[in-house]
Amino acid sequence: MTPLELGIVVLALVGAFFGGVASVGIVRLPDVYTRTHAASKSDTLGAVLAIGAAALAIQTDLATIKAVFLLVFMFLTNPTAAHAVARAAQDQGIEPWTASDEEGES
């Protein structure tokens, strides 16, 4: 296995790990604000690493340029969309989850 192939595998696996972490965060976290945080941070990192692995694997000039544009687009849009969702939740009056909310459920 060449160092390039090893780098591709590592990037793809780490990207898949962070994608899985984002999925678990969306399912397990208690409110829209924490779910948005999990989706925007972990999902962005996982997707960027996976796209980076794909760009290294393809290794053509045009595909690499497209992957770089996609990476920049994701870096700009994912956090912006997460902010918009959190702002909309705040505008709707959705209160953030607190530790006292958990105590009231018992």
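Just so it is clear, the structure is predicted and the values come from calculations on it, not from any experiment. (Residues numbered from 1 in each chain as written. Predicted model: local features only at pLDDT ≥ 70, side-chain atom pairs only at ≥ 80, totals over all residues. Heavy atoms only, no water.)

Points about the side chain of Thr 44
Reasoning step 1: For Thr 44, the position within the fold is in helix H2 (residues 32–58).
Reasoning step 2: A polar contact of 2.5 Å, which involves the side chain of Thr 44, links it to the backbone oxygen of Ser 40.
Reasoning step 3: Once you skip the residues sitting within four places of it in the chain, Thr 44 turns out to touch Ala 39, Met 74, Phe 75 and Asn 78. (Helix = DSSP H or I, 4+ residues; strand = E, 2+ residues; numbered from the N terminus. Polar contact = N/O pair within 3.5 Å; in protein donor to acceptor, adjacent residues only side chain to side chain. Contact = heavy atoms within 4.5 Å.)

Notes on the packing of aromatic side chains
Reasoning step 1: Tallied over the entire structure, the rule returns one aromatic pair.
Reasoning step 2: Each ring, one from Phe 17 and one from Phe 18, has its centre 5.3 Å from the other, and the planes form 75 degrees; the classification is edge-to-face.
Reasoning step 3: With a relative accessible area of 53%, Phe 17 lands in the exposed category.
Reasoning step 4: For Phe 18, a relative accessible area of 25% gives the class partly exposed. (Phe/Tyr/Trp six-rings, centres within 6.5 Å; stacked < 30°, edge-to-face > 60°. Buried < 20%, exposed > 50% of the residue type's maximum accessible area, 1.4 Å probe, protein only.)

Topic: H2
Reasoning step 1: Between the first and last C-alpha of H2 there are 37 Å, a value that for 27 residues agrees with the 39 Å anticipated at 1.5 Å per step.
Reasoning step 2: Gln 59, located one to two residues past H2, shows a positive phi value of around 55 degrees. (Expected span 1.5 Å × (residues − 1).)

Any functional reading would require information beyond the geometric quantities listed.
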